[in-house]
Amino acid sequence: HFMGLVDLVPRPGVREVVTGESFARAAAKDGPARHVLDELARMGVTHRVVTAGDWISVGRTSLNVLHPPAGFVPRHENDASLVARVFTEKAGRTILLTGDIQDEAMAMLMESGGDLSADVIELPHHGSARETAYAFVQRVNPSVVLQSTGPDRLDDPRWDHVREGRLWLATPRHGAIRVDLLDDVTVRAGPVR
């Protein structure tokens, strides 16, 4: 999911791209990851590698990288996706960004004993229906779930027991989705349009 970076980066004026070690290992060899980093460097964009425990600050927002740990080599490449909790300075609300993680990464995070709670979650692996994912979302216990997926996974009934009582926003139904963590400690979420 990284090839679009070269086209995307110039528009909002991105100055730094953050990846995990797995991407950096792939970029050390000749291939698509190397090409992307070379193009980003040509545009003046720096590349930073992070692992669990690292913090990234952007204005009044901080991201705490929860996964993967340093040196982690996954059985499936998706499990090397970065997972980060997003904190806002004033609002006291959090978002959990999960990327494409699957069973191995979700199990590691749940077994870590760390705080996974969040007000909003980006549904792991586009909402792939699997027991580990149900348990993971229930552990996070978000009030808002964001599902970036295709129409085949929209309203999958296997998620019904997890979906109940949560605002569930999915790209096939809502298009681009916006989440605002407001200073009065409320969360506002819905379609961009």
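Above this note sits the structure.
Residues numbered from 1 in each chain as written. Predicted model: local features only at pLDDT ≥ 70, side-chain atom pairs only at ≥ 80, totals over all residues. Heavy atoms only, no water.

## Quick word on the nonpolar core
Inference 1: Ranked by size, the top nonpolar core spans 20 residues in total, and within it Leu96, Ile101, Ile121, Phe136, Val140 and Trp159 carry the most contacts.
Inference 2: Elements with a minimum of two residues in this core: helix H4 (103-111) and helix H5 (131-140).
Inference 3: Looking at which element gives the most residues to this core, the answer is H5, with 5 residues. (Core = buried A, V, L, I, M, F, W, Y, C linked by side-chain atoms within 4.5 Å. Buried < 20%, exposed > 50% of the residue type's maximum accessible area, 1.4 Å probe, protein only. Helix = DSSP H or I, 4+ residues; strand = E, 2+ residues; numbered from the N terminus.)

## Some words on empty space enclosed by the protein
Inference 1: Inspection of the entire model under this criterion finds 1 cavity of 30 Å³ or more.
Inference 2: Volume-wise, the largest cavity comes out at about 40 Å³.
Inference 3: What lines the largest cavity is simply Glu21, Ser22, Arg25, Thr51, Pro68, Pro69, Phe72 and Ala80.
Inference 4: Residue composition of the lining of the largest cavity, grouped by class: 4 nonpolar, 2 polar and 2 charged. (1 Å grid on protein atoms, 1.4 Å probe; cavity = no way out; pocket = protein on both sides within 12 Å on 5 of 7 lines; lining within 4 Å. Points joined across faces, edges and corners; volume = space filled by probe spheres on them. Nonpolar A, V, L, I, M, F, W, Y, C, P; charged D, E, K, R; others polar.)

## Some remarks on unusual backbone geometry
Inference 1: In this structure, Pro68 follows His67 across a cis peptide bond, with omega equal to 0°.
Inference 2: Within the secondary structure, Pro68 is located in the loop between strand E4 (61-67) and strand E5 (83-88).
Inference 3: Of note, Asn141 is a non-glycine position whose phi angle comes to about 55°, a positive value.
Inference 4: Overall, Asn141 belongs to the exposed group, its relative accessible area being 53%.

## As for the environment of Val36
Inference 1: Within the secondary structure layout, Val36 lies in helix H3 (residues 32-42).
Inference 2: Along the backbone, Val36 and Pro124 are 88 residues apart, and their C-alpha atoms lie at a distance of 24 Å.

## Brief notes about the packing of aromatic side chains
Inference 1: Enumeration over the complete set of coordinates arrives at 4 aromatic pairs.
Inference 2: Centre to centre, the rings of Trp159 and Trp168 are 5.5 Å apart; their planes meet at 55°, and the pair counts as tilted.
Inference 3: For Trp168, a relative accessible area of 10% puts it in the buried group.
Inference 4: Taking NZ or CZ as reference, Arg163 lies 4.8 Å from the ring centre of Trp168, over its face. (Phe/Tyr/Trp six-rings, centres within 6.5 Å; stacked < 30°, edge-to-face > 60°. Lys NZ or Arg CZ within 6 Å of the ring centre and 35° of its normal.)

## A few points about the layout of surface pockets
Inference 1: In this structure, the largest pocket encloses a volume near 1,700 Å³.
Inference 2: Of all the secondary structure elements, the ones that give two or more residues to the lining of the largest pocket are helix H1 (5-8), strand E1 (16-19), helix H2 (21-27), H3, strand E3 (55-58), E4, E5 and strand E8 (144-147).
Inference 3: Classifying every residue of the lining of the largest pocket by side-chain character gives 27 nonpolar, 14 polar and 5 charged.

## Notes on the environment of Ala24
Inference 1: Tracing the sequence through the fold places Ala24 in helix H2.
Inference 2: Counting along the chain gives 25 residues from Ala24 to Val49, while the straight-line C-alpha distance between them is 7.1 Å.
Inference 3: Not counting the four nearest positions on each side in its chain, Ala24 is found in contact with Thr19, His47 and Val49. (Contact = heavy atoms within 4.5 Å.)

## Quick word on H3
Residues spaced three or four apart along an α-helix point in a common direction, a consequence of the helix completing one turn every 3.6 residues.
Inference 1: Of the residues making up H3, those classed as buried are Ala33, Val36, Leu37, Glu39 and Leu40. Looking down the long axis of H3, one finds its buried residues gathered within 160° of arc, a one-sided arrangement. What points out from H3, more than 90 degrees from its buried face, is the exposed set Ala41 and Arg42.
Inference 2: If you follow the buried residues of H3, they end up packed against H1, E1, H2 and strand E2 (46-49).
Inference 3: The positive-phi residue at the C-terminal boundary of H3 is Gly44, with phi of around 85°. (Arc of directions from axis to C-beta.)

## Re the pairing of E4
Inference 1: Note: E3 against E4, 4 bridges, orientation antiparallel. Bridge pairing links Val58 to Thr61 in E4.
Inference 2: Two successive antiparallel strands, E3 and E4, enclose a turn made up of 2 residues, where Gly59 displays a positive phi of approximately 60°.
Inference 3: Summarising the sheet, E4 and E5 pair through 6 bridges and their orientation is antiparallel. Bridge pairing links Ser62 to Phe87 in E5. (Pairing = 2+ DSSP bridges.)

Note that all results are geometric; they support no functional claim without further evidence.
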